[in-house]
Structure formats: C-alpha cells, structure tokens
Amino acid sequence: MSELIAFIGVGNMGNPMAENLMKAGKKVKVFDVSKKMVEKAKEKKLDVVENLDALITNDVTTVITMLPEGKNSKEVYLGDNGIINKVSKNCLLIDCSTIDIQTSIEIGKNATEKGIKMIDAPVSGGVMGAQKATLNIMVGGTKEAFDLALPLLKIMGKNIFHAGELGSGNGAKICNNMSLGITMIAASESLMLAKRLNIDIKKVHEIMKNASGNSWPISVYPPLPGLIEGTPSNNNYRPGFSAGMMNKDLKLANECAKQAKASTPLGSMALEIYNKFCEEGNDTKDFSAISKVVGGDAWNYPID
Ligand code: NAD
C-alpha cells in the first residue's frame, strides 16, 4: 500500500511540519478546526480536507497530530468521533503534541489494545526549528514503533531520541520545557539589568552568547528585539510559542514534580510568573514577552 499521511492540527508548528513532509515527496492530507489555520495551510498548497471523516480513509498509513493540549489529543483519538475507531490496524499513530504523561499513556494503551502502534513524539526547537526541519523529537513507545516512525521523524527533525516507553517522550519534553521557562526569565532578567546599567544590550548579548551565561533563549531566541533576526521579539512578540503554551507546560512540570515528590522551586516560581502574565491577558503573545514583566518601566518595545 502506498504511503498516505493524515496530519491533524496545522497551527504554528503543524503547518511547517506538514509542509516539510509534502516537500519531501510524501502524500499528505491535513485537517484543522481553525479557519485561519486552514487558509494558511492552503497558501502552502497543502491538501486540506473538511473533517475527520474525509481525513481518516482506509488508505491512511500514518496519522500525525500536533494539537495544543491533552484534552485535544484525547478528543481526536478517543472521543465520540475518535480516530482510533477509524484507522486500519496497520496505521501508525504519532502524537507530536506536548501533553500530560497520563493522557499520552491512556491514548497509547487504547491503540495497543486494538493492535495499533502508537508513539508520543513531542518536539522542541520552536517554529524556526519546524520550518528548517531541525526539531529535536523525543519519542515514547516500543522500539518497533520508534523504528517505523523514524524515516518520517527524520524529515521533520534533526535529532530524534528514543526516550523510553509510552509517555516518556512527553516526560522528557516536560523536563526540557521547565528549564526553558526558567531560562527565558533568567535571560530577560540579565538583558534588562544590562539596560538599567546603561550597558549596550547588543554587546552584553554577544558576550553572554560566548560566555558561561549562554542559554537557548540567549543564543537562539532572545527576549528583546534587535538581537537575532526572525525571532518573535523582532516581530512584535507574535508567536512563535505562546505564553499560554509555556504556562501549560510549566503546569505539567509542576504536576509531575508533585507526583514524583521532586523539588523544583524555580519551576514553581516560573509557573507563578507565567500564570500571572497569562491571567493579565497575554496568553497569545510569544512566551519571550515575559521580558515585559521582568523589565517593568524600563521595557519599551513594540508588542501587538
Ligand atoms: P497552535 O495553537 O498554533 O496549533 C494547534 C492547532 O491545533 C490549531 O491550529 C488548532 O486549531 C488545532 N486544533 C485544536 N483542536 C483540534 C481538533 N480537535 N481537530 C483539529 N485541529 C485542532 O499550537 P502550536 O504552537 O503549533 O503547538 C502545538 C503543540 O506543539 C503544543 O502542544 C505545543 O506545546 C507544542 N510545541 C509548540 C512549540 C512552538 O514553538 N509553538 C514548540 C514545541 C512544541
């Protein structure tokens, strides 16, 4: 049977990931509930279908989902119109969404009971990583399912890791994003302190990039404009990766820490800071806009 990929959720990340599969010569059909995202997918010449029934036909060999939260993945896979009851047994399911470990395991178990192979495969690297196909992809599932998914994952990403059994991909991703949330606040604090000290931010940024204060927010995704081309801070803080998504990931990390009895004081503090920022109506801004909170009255950059 020839390969046919059904891609669900073509938002900020799913759109370029599906596009890369199409550009690699794969046959891809996509579906999204958002009219805006459907229009963007059409602009990329992706083959958009109207609903899940039109998407999940008998000849689909792989389903890839890139959805916001666990409740969305649960609805799409296990809901009334859930695709677990629609796909053939030979179809491979790949959930790239960042969701809680329990939901990931629950969906995977339901699939396995029906003889369907599934992996959780959340990603890191941001929209730029998705566009350039340089994502880090963290996979949970059997080695057999991992090997089956690998050729497709290699089209969308650069470093593909087998983290362990089902749910481990999300576990690894949650650990990663707790550090990302913390370091984005740390990078904001350093750069805004430099500003208040009247030291050229560009110079401090260049120094930190090469010195021991470097981090992904400093070297790839700085929270202030004028430092690296193509970043959300240079585009009025349009996402990118929204503050709401970061807040979700920090909540997931906090819940995991409670369950595992792990001490994560900075993770808890980062959650508090992002939670407040979102409650004040900033959840759709890029997560690097947290520099606004840190910067106080010294922060004066364009923001939509
Ligand atoms: P997004 O909100 O831009 O995209 C999600 C898409 O899913 C939206 O277009 C939405 O309409 C669609 N959707 C929701 N429910 C649906 C349903 N039932 N059926 C079909 N479509 C549905 O989010 P994003 O930034 O692309 O992030 C997606 C996932 O990737 C999240 O879990 C996020 O945490 C993770 N992630 C994001 C980034 C990033 O930089 N944006 C980086 C790494 C991981």
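Because the structure is a prediction, the values reported are computed rather than measured.

**Remarks on the site of the ligand**
- Around the ligand, the surrounding shell holds 26 residues, and the nearest of these are Asn12, Met13, Asp32, Pro68 and Lys248.
- The contact in question runs from an oxygen atom of the ligand to an N or O atom on the side chain of Asp32, over 2.6 Å.
- Residue Gly240 places a main-chain N or O atom 3.0 Å away from a nitrogen atom belonging to the ligand.
- Protein chains bury 90% of the 830 Å² of accessible surface belonging to the ligand in isolation.
- Of all the secondary structure elements, the ones that give two or more residues to the shell around the ligand are helix H4 (70-78), helix H6 (126-132) and helix H11 (243-260).
- For the shell around the ligand, the residue count by class is 13 nonpolar, nine polar and four charged.

**Focus on the packing of aromatic side chains**
- All told, the structure shown has five aromatic pairs when counted by the stated rule.
- Ring centres of Trp216 and Tyr221 lie 5.1 Å apart, and the angle between their planes is 25°; on these two criteria the pair is classed as stacked.
- The class for Trp216 is partly exposed, based on a relative accessible area of 31%.
- In this structure Tyr221 comes out as buried when scored by relative accessible area, which is 4%.
- In textbook terms, an aromatic cluster arises when at least three aromatic residues are bridged by ring pairs, as seen for Trp216, Tyr221, Phe241 and Phe287.

**A few points about the domain arrangement of the chain**
- When cut into domains, the chain gives domain 1 (5-165) and domain 2 (171-298).
- Centre-to-centre separation of domain 1 and domain 2, based on C-alpha positions: 27 Å.
- Domain 1 puts 16 residues into the contact, and the matching count from domain 2 is 18 residues.
- When the two sides are added together, the surface that domain 1 and domain 2 hide from each other amounts to roughly 1200 Å², 68% of it contributed by carbon and sulfur.
- Its largest share of buried area at the contact with domain 2, domain 1 owes to Thr98, Ile101 and Met128, together 37% of the area lost on that side.
- Where domain 1 meets domain 2, there are zero salt bridges.
- Here domain 1 is connected to domain 2 by four residue pairs in polar contact (both at pLDDT 80 or more).

**Side note on the pattern of salt bridges**
- One pass over the full model with this rule turns up twelve salt bridges.
- The residue Lys44 makes a salt bridge to Glu19 at a minimum N-O spacing of 3.2 Å. Of the two residues, Lys44 is situated in the loop between helix H2 (35-43) and strand S3 (47-48) and Glu19 in helix H1 (residues 14-23); the sequence distance between them amounts to 25 residues.
- When its relative accessible area of 29% is taken as the criterion, Lys44 is described as partly exposed.
- For Glu19, a relative accessible area of 14% puts it in the buried group.
- When the shortest N-O distance is used, the salt bridge between Lys143 and Asp147 registers 2.9 Å.

**Here we look at the pairing of strand S2 (residues 28-31)**
- Residues Val28 and Val30 line one face of S2 and the alternating positions Lys29 and Phe31 line the opposite face, and both faces are buried.
- Two elements, strand S1 (residues 5-8) and S2, share four bridges in a ladder whose sense is parallel. Residue pairing across strands places Ala6 opposite Lys29, the latter belonging to S2.
- Crossover handedness for the path S1 to H1 to S2: right-handed.
- The parallel pair S2 and S3 is bridged by H2, and the resulting crossover is right-handed.

Cut-offs used in this document
Residues numbered from 1 in each chain as written. Predicted model: local features only at pLDDT ≥ 70, side-chain atom pairs only at ≥ 80, totals over all residues. Heavy atoms only, no water. Near = heavy atom within 4 Å. Polar contact = N/O pair within 3.5 Å; in protein donor to acceptor, adjacent residues only side chain to side chain. Areas by Shrake-Rupley, 256 points an atom, 1.4 Å probe, with all protein chains shown as cover. Helix = DSSP H or I, 4+ residues; strand = E, 2+ residues; numbered from the N terminus. Nonpolar A, V, L, I, M, F, W, Y, C, P; charged D, E, K, R; others polar. Phe/Tyr/Trp six-rings, centres within 6.5 Å; stacked < 30°, edge-to-face > 60°. Buried < 20%, exposed > 50% of the residue type's maximum accessible area, 1.4 Å probe, protein only. Domains from an automatic or database assignment. Contact = heavy atoms within 4.5 Å. Buried area = accessible area lost by both parts, 1.4 Å probe. Salt bridge = Lys/Arg side-chain N within 4 Å of Asp/Glu carboxyl O. Pairing = 2+ DSSP bridges. Right-handed = clockwise from strand over helix to strand, strands pointing away.

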